[in-house]
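Per-entry structural report
Each chain, written out:
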Amino acid sequence: MFNDLFLIKKNHKQENKMRAECTDNKTFQLIDNGHLLGKLTYKSIFSYDAEINLANSECYELKSAGFFGTKIIISKNETEIANLQMNWKGQMVFTFQDGQEFVFKAKGVFHNSYVIEDKAEEKLIQVDPKFNWGKFHYNYEISYSKKPENTLFILIGIYASNYYLSAMSGQL
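Summary of the structure given here. (Residues numbered from 1 in each chain as written. Predicted model: local features only at pLDDT ≥ 70, side-chain atom pairs only at ≥ 80, totals over all residues. Heavy atoms only, no water.)

1. Considerations on the sheet that holds strand S6 (residues 71-76)
- Here we have twelve strands rolled up into a closed barrel, ordered S1-S2-S3-S4-S5-S6-S7-S8-S9-S10-S11-S12, and antiparallel in their pairing. In this sheet, adjacent strand axes meet at a mean angle of 20° when their direction is disregarded.
- Pairing between strand S1 (residues 16-22) and strand S2 (residues 27-32): four bridges, direction antiparallel. Paired with Glu-21 across the two strands is Gln-29, which belongs to S2.
- Across the sheet, helix H2 (residues 151-168) lies against S1, S2, strand S3 (35-42), strand S4 (50-54), strand S5 (59-65), S6, strand S7 (79-86), strand S8 (92-96), strand S9 (101-107), strand S10 (113-117), strand S11 (123-132) and strand S12 (137-144), angled at about 40° from S3, the strand it touches most. (Pairing = 2+ DSSP bridges. Helix = DSSP H or I, 4+ residues; strand = E, 2+ residues; numbered from the N terminus. Axes fitted to C-alpha atoms, helices over the stretch in contact; angles between N-to-C directions. Contact = heavy atoms within 4.5 Å.)

In structure tokens form, the structure reads like this:
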């Protein structure tokens, strides 16, 4: 009788994980099962301009735009493929040129984890920042039930996490 009271139902969806590791305060490497999938590299530690390099040699540029730099343009070979913009709810909206939209939002009481959802509010990935006090930077654990096909999407999520953490700490 008492055993039934303490049974905890678990979510039967399998959670898979990968990680993004900060290597030099400007570079984050996306690693899955020991394989490097791509890198996010900031131009400097004081800039939000960055570059994403995927394992297949594709290169994307992220540049701030707008009057206060609140819009981020993602381009490949000088052609805009997507943009990121903070909305009034404190969420980041990813809009791709093909019309797809995704929302990056904070979760938890202390907003200590982030999710990226599609328009139907289905969670695609969850990003959990892990602060390394010894090196004074964040590493990230990325969990998903269905692995995203596009590595660029995950690295944009890491960029959005860094942007959000900076915005909430008053560094923007």
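On we go.
2. Considerations on the pairing of S10
- Of all five residues that make up S10, five are buried, and the element is covered over most of its length.
- The alternating pattern of S10 places Ser-113, Val-115 and Glu-117 on one face and Tyr-114 and Ile-116 on the opposite face, and all of these are buried.
- Adjacent in sequence and paired antiparallel, S9 and S10 are bridged by five residues, among which Gly-108 carries a positive phi angle near 95°.
- Alignment of S10 against S11, held across four bridges, turns out to be antiparallel. Across the sheet, Glu-117 pairs through a bridge with Lys-123, a residue of S11.
- Hairpin connection of S10 to S11: five residues between the antiparallel strands, including Glu-121 at a positive phi of 60°. (Buried < 20%, exposed > 50% of the residue type's maximum accessible area, 1.4 Å probe, protein only.)

3. Some points on the pattern of salt bridges
- Under the definition given, this model contains seven salt bridges.
- Among the salt bridges present, the one from Glu-21 reaches Arg-19, with a minimum N-O distance of 2.4 Å.
- Among the residues examined, Glu-21 registers a relative accessible area of 27% and is labelled partly exposed.
- Where Glu-58 meets Lys-76, a salt bridge forms, and the shortest distance between an N and an O atom there is 3.5 Å. Separated by 18 residues along the polypeptide, Glu-58 in the loop between S4 and S5 and Lys-76 in strand S6 bring together distant segments of the chain.
- Judged by its relative accessible area of 25%, Glu-58 falls in the partly exposed class.
- Among the residues examined, Lys-76 registers a relative accessible area of 28% and is labelled partly exposed. (Salt bridge = Lys/Arg side-chain N within 4 Å of Asp/Glu carboxyl O.)

4. Structural notes on the nonpolar core
- Residues Leu-40, Ile-52, Phe-94, Ile-142 and Tyr-159 are the most contacted members of the largest nonpolar core, which totals 41 residues.
- Here this core gets eleven residues from one element, more than from any other, and that element is H2.
- The residues touching Leu-40, leaving out its near neighbours within four places in the chain, are Lys-26, Thr-27, Phe-28, Ala-50, Glu-51, Ile-52, Leu-155, Ile-158, Tyr-159 and Asn-162. (Core = buried A, V, L, I, M, F, W, Y, C linked by side-chain atoms within 4.5 Å.)

5. Notes on the environment of Ala-55
- Tracing the chain through its elements places Ala-55 in the loop between S4 and S5.
- Judged by relative accessible area, Ala-55 falls into the exposed class, the value being 58%.
- Separated by 45 residues in sequence, Ala-55 and Gln-100 place their C-alpha atoms 24 Å apart.
- When near neighbours in sequence (up to four residues on either side) are disregarded, Ala-55 contacts Leu-36, Leu-37 and Gly-38.

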